[in-house]
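Close look at the chain arrangement
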Amino acid sequence: FLDSANVYPESVTVDQSSGTFFVGSVKEGTIYKGKIARPSLEVFSPGGADGRGIATGMFFSGNRLVVVGRQTGLIFVYNTQNGHLISKMDNGLRTGQTFLNDTNFSPDGSAYVTDSINPVLYRVAPTTTGQYELQEFLKFEGTPVMYVNAPGGAGINVNGIVATSDGRYLIIGKRNENMLFRVDLKSREIVPVNMPPGMLNTPDGLFLEGNTLYVAQNVPKSIAVVTLSSDFSQAELERTINHPTFVFPTSVARDKNRLLV
């Protein structure tokens, strides 16, 4: 990052066809893009552009980049071919009411957004005009996903999110309970993913490839490589990846034989 020493990158996503990756600043809202072979990143969209002062979760699909803005309640969708803002959405909530954390596109072109303190799963839905609109897709009250109101990390509830390649399910991670849940996109049924006790610790960003789930874990400073069953209802730990430079891993994406963390 040549333009700033205050980036604190939080989320990373990869264009699998070109190898271009995007990463955002949780302190300044800058969005960068780069390639593995290049030593520095270029600014895709500067901090403050479009009223974006913070960038947490982001995900790329089909020349679209969705970016969420934590306590600002803002969500942005960009055209990655020309850098233009396609849509800017606002859930109407602010600091203390919302914590938009992570996002993922599903195969139908919709993006889903987690809120770590407000028990709602949002949907960013494409419209007939080529824009996007924000919807409350699912409220967690009365489901197995029970939100906790607490200061600090204990109050970070649903965090990472991925969609299965067949478009049937979402897998969401609950950081303060070290759990995964499967969300049926058609019936909206939520079931806990069955896994050994203590298998995960502070799960944050997720990346799903087939039935292999990569989980960024904050406190253990590691990436858990998890194998999911064919119906995504069970999980087993395959291995854990550590690196001496890890300090607080928040996101993970795979690019061919590499992980970006």
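See above for the structure.
The present account deals with the structure reproduced in this document. (Residues numbered from 1 in each chain as written. Predicted model: local features only at pLDDT ≥ 70, side-chain atom pairs only at ≥ 80, totals over all residues. Heavy atoms only, no water.)

**A short note on the side chain of Thr250**
- Looking at the secondary structure, you find Thr250 in the loop between strand E20 (235-242) and strand E21 (253-255).
- In this structure Thr250 comes out as buried when scored by relative accessible area, which is 14%.
- Reaching out from Thr250, the side chain makes a polar contact with the backbone oxygen of Glu10 at a distance of 2.6 Å.
- Those residues in contact with Thr250 that sit more than four places away from it in its chain are Pro9, Glu10, Asp204, Gly205, Ala216 and Asn218. (Helix = DSSP H or I, 4+ residues; strand = E, 2+ residues; numbered from the N terminus. Buried < 20%, exposed > 50% of the residue type's maximum accessible area, 1.4 Å probe, protein only. Polar contact = N/O pair within 3.5 Å; in protein donor to acceptor, adjacent residues only side chain to side chain. Contact = heavy atoms within 4.5 Å.)

**A look at the sheet that holds strand E10 (residues 111-115)**
- Taking strand neighbours across the sheet as the criterion, the four strands line up as E9-E10-E11-E12 in an open arrangement whose pairing is antiparallel. In this open sheet, the two edge strands, each paired with only one partner strand, are strand E9 (100-105) and strand E12 (132-139). Across the sheet, the axes of successive neighbouring strands diverge by a mean angle of 25°, strand direction being ignored.
- Two strands pair when backbone bridges link them, and E9 and E10 are joined in this way by four bridges, in the antiparallel orientation. Bridging from a neighbouring strand, Leu100 pairs with Asp115 of E10. (Pairing = 2+ DSSP bridges. Axes fitted to C-alpha atoms, helices over the stretch in contact; angles between N-to-C directions.)

**A short note on the nonpolar core**
- Ranked by internal contacts, the top residues of the largest apolar core, which has 17 residues, are Leu180, Leu200, Leu213, Val215, Val226, Leu228 and Ala235.
- Of all the secondary structure elements, the ones that give two or more residues to this core are strand E14 (169-174), strand E17 (203-209), strand E18 (212-217) and strand E19 (222-228).
- Here this core takes three residues from E19, the largest share from any one element.
- Discounting residues that sit within four places of it in the chain, Leu180 has contacts with Ile171, Ile172, Gly173, Pro192, Val193, Met195, Leu200 and Leu213. (Core = buried A, V, L, I, M, F, W, Y, C linked by side-chain atoms within 4.5 Å.)

**Some words on the sheet that holds strand E3 (residues 31-34)**
- Strand order in the open sheet formed by four strands is E1-E2-E3-E4, and the pairing between neighbours is antiparallel. The outermost strands of the open sheet, each flanked by one partner alone, are strand E1 (9-14) and strand E4 (42-45). Ignoring strand direction, the axes of neighbouring strands in this sheet form an average angle of 30°.
- Where strand E2 (residues 21-25) lies against E3, four bridges are found, and the strand directions are antiparallel. Note that in E3 the partner of Phe22 across the bridge is Lys33.

**Some details on the layout of surface pockets**
- Of the volumes computed, that of the largest pocket is approximately 670 Å³.
- For the largest pocket, the lining is made up of 24 residues, of which Pro9, Glu10, Val23, Thr250 and Val261 are closest to its centre.
- Of all the secondary-structure elements, those providing two or more residues to the lining of the largest pocket are E1, E2 and strand E22 (258-260).
- In terms of residue count, the dominant contributor to the lining of the largest pocket is E1 (four residues).
- A breakdown of the residues in the lining of the largest pocket according to their chemical character gives 17 nonpolar, four polar and three charged.
- Of the pockets and cavities examined, the second largest pocket occupies roughly 380 Å³.
- Around the second largest pocket, the lining is made up of 20 residues, and of these Phe59, Asn104, Phe105, Ala163 and Leu208 lie nearest the centre.
- Counting only elements with at least two residues in the lining of the second largest pocket, the list comes to E1, strand E5 (58-61), E9, strand E13 (158-163) and E17.
- Residues that form the lining of the second largest pocket fall into these classes: nine nonpolar, nine polar and two charged. (1 Å grid on protein atoms, 1.4 Å probe; cavity = no way out; pocket = protein on both sides within 12 Å on 5 of 7 lines; lining within 4 Å. Points joined across faces, edges and corners; volume = space filled by probe spheres on them. Nonpolar A, V, L, I, M, F, W, Y, C, P; charged D, E, K, R; others polar.)

**Considerations on the side chain of Ser110**
- Along the chain, the position of Ser110 falls in the loop between E9 and E10.
- Of the residues examined, Ser110 reaches a relative accessible area of 0% and is grouped as buried.
- Within the structure, Ser110 has its side chain in polar contact with the side chain of Arg123 (distance 2.8 Å).
- Leaving out residues up to four positions away in the same chain, Ser110 has contacts with Asn104, Phe105, Arg123, Val124, Ala125 and Pro126.

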